[in-house]
Amino acid sequence: MWKSFHIWIYLFILVEKCLLTSQLLQSNRQELMLVPSVAFRHHSESMELTALAHPTDDWILYAQGWFLEVNPIRARLATTILLTTVGDVDQDRIAYFTGSGKKHRALCIDGLKNEMCTYTDSHGLIEKQFKLSNDDIQLFRVPGGSGGKVEYSVSTVDKNIQKKGEIFLCDDNGISVISDIDDTIKITGVTSARAVLRNTFSGQYKAVPGMAERYRHYESTYNATFHYLTASPDQLYPFLREFFEREQFPLGSYHMRHFTWLDSNFFHFFSSKSFIRQKTNILHMFFQQTRSRQFILLGDIFQKDPEIYANIYEKYSDRILKIFIRVPKKRVVDRLEQVFQHIPKDKWDTFVNGHDLPENIF
């Protein structure tokens, strides 16, 4: 199936190039999309990475998003291609997925203490890191998640386009739940190319039963913050947000990848090998940017989550409370026994849905 789809992609590229001139004559809709991010306490470079090290009163905040232009021609072509495989196609998802990033554009970040400027990168992505004092954080802190959040705005220089973003606070201590999305809390079917396309571009997103309820329980019981680490493309964020709100999953930061429609690695985007480094780096960030915070890690067996989590456990074993891996059936899986052979059995477990997860982890 992927081979025939690959042929469609090459035809897509050829036709799109032929239509490029007419596209330039159109005035397409531009949009800002901000993805919820995270803030950590600032630690000087001279501080040792130990729980005894004291942070400064500053926070380091990360803003992330995408400045895009909707591409109607590309969207129509993509819809035609997907109809051969998916059937009913969600036009809004296609519009985001086939949008063109506005590269090297100046944007204004405000709503906090001082307005600041940033520029999108070559893909139109917004990746800005900045510092605020703890007094400023307390001034701008609003309810959201267990640790609170700050809200900010990003706008074009002429203020014609403006969007509000969220940054969730992750302090040095406490408990965080880091969760995968696809086939951990949302049914995607990453082992089937057809299922991935259907569950990405068509129909209402479906939750793994019981997961939202159990996550809300962990949030209230342990005052846990939530961080969603996924191989899904950030173009899906607006629709994932709708899904999260409908199913009432806890609020939190999202850590996603960006998909380029003409990327030659399209067919491997959801495959296990293509996101291992990205997921690992983000996990390291959470452990390195906090001091004594403890973590609960949830993923699935359908990709490489077990291997990623096993490698992380090897380095941060004293800070990982539990690893949970979703499996097709509630049984011990030989692969997991092998991958987790150096991890105590009471530190990991499997589940099929949220009802299998324990109410109390410790």
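Residues numbered from 1 in each chain as written. Predicted model: local features only at pLDDT ≥ 70, side-chain atom pairs only at ≥ 80, totals over all residues. Heavy atoms only, no water.

An unreviewed UniProt entry lists the protein under the name Phosphatidate phosphatase APP1 catalytic domain-containing protein, from Adineta ricciae.

Undergrad: Would you explain the overall build of the protein in this entry?
TA: Along its length, the protein carries 11 helices and 16 strands. For the protein, buried positions account for 56% of its 362 residues. In the protein, once contacts between residues fewer than 6 apart in sequence are set aside, the share between residues at least 24 apart is 75%. Per element, the accessible surface of the protein, about 16,600 Å² overall, is 50% carbon and sulfur. (Helix = DSSP H or I, 4+ residues; strand = E, 2+ residues; numbered from the N terminus. Buried < 20%, exposed > 50% of the residue type's maximum accessible area, 1.4 Å probe, protein only. Contact = heavy atoms within 4.5 Å. Areas by Shrake-Rupley, 256 points an atom, 1.4 Å probe, with all protein chains shown as cover.)

Undergrad: Just to check I follow, could you spell out helix α6 (residues 193-201) for this structure?
TA: The α-helix advances 3.6 residues per turn, and as a result positions three or four apart in sequence lie on the same side. Most of α6 sits inside the fold, with 7 of its 9 residues counted as buried. Looking at α6, one finds that the buried residues are A193, A195, V196, L197, N199, T200 and F201. Among the residues trailing α6, G203 stands out with phi positive, at a value near 75°.

Undergrad: Teacher, can you tell me more about the state of the cysteines here?
TA: Linking two cysteines covalently via their sulfur atoms produces the bond known as a disulfide. Tallying each qualifying case throughout the model produces 0 disulfides. In this structure C108 is a free cysteine whose sulfur lies 4.8 Å from that of C117, the closest cysteine sulfur available. A relative accessible area of 6% means that C108 is categorised as buried. For C117, a relative accessible area of 53% gives the class exposed. (Disulfide = S-S within 2.5 Å.)

Undergrad: Would you explain the pairing of strand β10 (residues 162-170) in this entry?
TA: As paired elements, strand β2 (residues 37-41) and β10 share 4 bridges and run parallel to each other. Bridging from a neighbouring strand, V38 pairs with F168 of β10. In the sheet, strand β9 (residues 149-156) pairs with β10 via 7 bridges, with the strands oriented antiparallel. Looking across to β10, one finds that S155 is bridged to Q162. Hairpin geometry of β9 and β10 is characterised by an intervening segment of 5 residues between the two adjacent antiparallel strands and by a positive phi of about 65° at K159. (Pairing = 2+ DSSP bridges.)

Undergrad: It is not clear to me how the packing of aromatic side chains should be interpreted in this structure. Could you clarify?
TA: Following the criterion strictly, the structure yields 22 aromatic pairs and no others. Ring centres of F40 and F286 lie 5.4 Å apart, and the angle between their planes is 80°; this geometry places the pair in the edge-to-face category. Here F40, found in strand β2, pairs with F286, found in helix α9 (residues 276-288); they are 246 residues apart in sequence, far enough to count as distant. With respect to burial, F40 and F286 carry one shared label: buried. Residues Y218 and Y222 carry aromatic rings whose centres are separated by 6.2 Å and whose planes lie at 40° to one another, so their mutual orientation is tilted. Within this pair, Y218 and its partner Y222 are both found in helix α7 (residues 211-222), separated by 4 residues, close to a single helical turn. (Phe/Tyr/Trp six-rings, centres within 6.5 Å; stacked < 30°, edge-to-face > 60°.)

Undergrad: Explain the packing of α9 against helix α10 (residues 305-316) to me, please; I cannot follow it from the model alone.
TA: Each packed pair of helices is defined by two parameters, the angle between the axes and the distance between the axes. Look at α9 against α10: their axes get within 10 Å of each other, and the N-to-C directions meet at 30°. Compared by their axis directions, α9 and α10 come out roughly parallel. Handedness of the α9/α10 crossing: right-handed. Here I276, K279, T280, L283, H284, F287 and Q288 of α9 come into contact with α10, specifically with D305, I308, Y309, I312, K315 and Y316. In terms of residue class, the contact of α9 with α10 is made up of 7 nonpolar, 3 polar and 3 charged. (Axes fitted to C-alpha atoms, helices over the stretch in contact; angles between N-to-C directions. Parallel < 35°, antiparallel > 145°, perpendicular 65-115°, else oblique. Left-handed = near helix turned anticlockwise from the far one by under 90°. Nonpolar A, V, L, I, M, F, W, Y, C, P; charged D, E, K, R; others polar.)

Undergrad: Sorry, what's going on with the nonpolar core here?
TA: Counting residues in each nonpolar core, the largest one holds 47 residues, and the members touching the most others are M211, Y228, F249 and L298. In this structure, this core is formed jointly by two domains, domain 1 (1-170) and domain 2 (175-356), each of which donates at least three residues. In this structure, L298 is in contact with V177, I178, S179, D180, T184, M211, Y215, Y309, F324, F351 and L357, ignoring residues within four places of it in sequence. In this structure, F275, I301, I323 and F340 belong to the second largest nonpolar core, which totals 31 residues. (Core = buried A, V, L, I, M, F, W, Y, C linked by side-chain atoms within 4.5 Å. Domains from an automatic or database assignment.)

Undergrad: Whenever I open this one, the pattern of salt bridges confuses me. Can you help?
TA: Close approach of charged atoms allows side chains with opposite charge to pair. Tallied over the full model, the rule gives 17 salt bridges. With a closest N to O distance of 3.6 Å, E69 and K102 form a salt bridge. Here the residue E69 occupies a position in strand β3 (residues 58-69), and K102 occupies one in the loop between β4 (100-101) and β5 (106-110), the gap between them amounting to 33 residues. E69 gets classed as buried once you look at its relative accessible area, which sits at 17%. According to the relative accessible area criterion, K102 is buried, its value standing at 12%. Here D305 makes a salt bridge to K279, at a shortest N to O gap of 2.5 Å. (Salt bridge = Lys/Arg side-chain N within 4 Å of Asp/Glu carboxyl O.)

Undergrad: What is the right way to read unusual backbone geometry from this model?
TA: Among all residues except glycine, the phi angle is most often negative; among peptide bonds, the trans geometry is most common. The residue K159 is not glycine, and still its phi comes out positive at about 65°. Mapping K159 onto the fold places it in the loop between β9 and β10. For N223, which is not a glycine, the phi torsion comes out positive at approximately 55°. Along the chain, the position of N223 falls in the loop between α7 and β12 (225-233).

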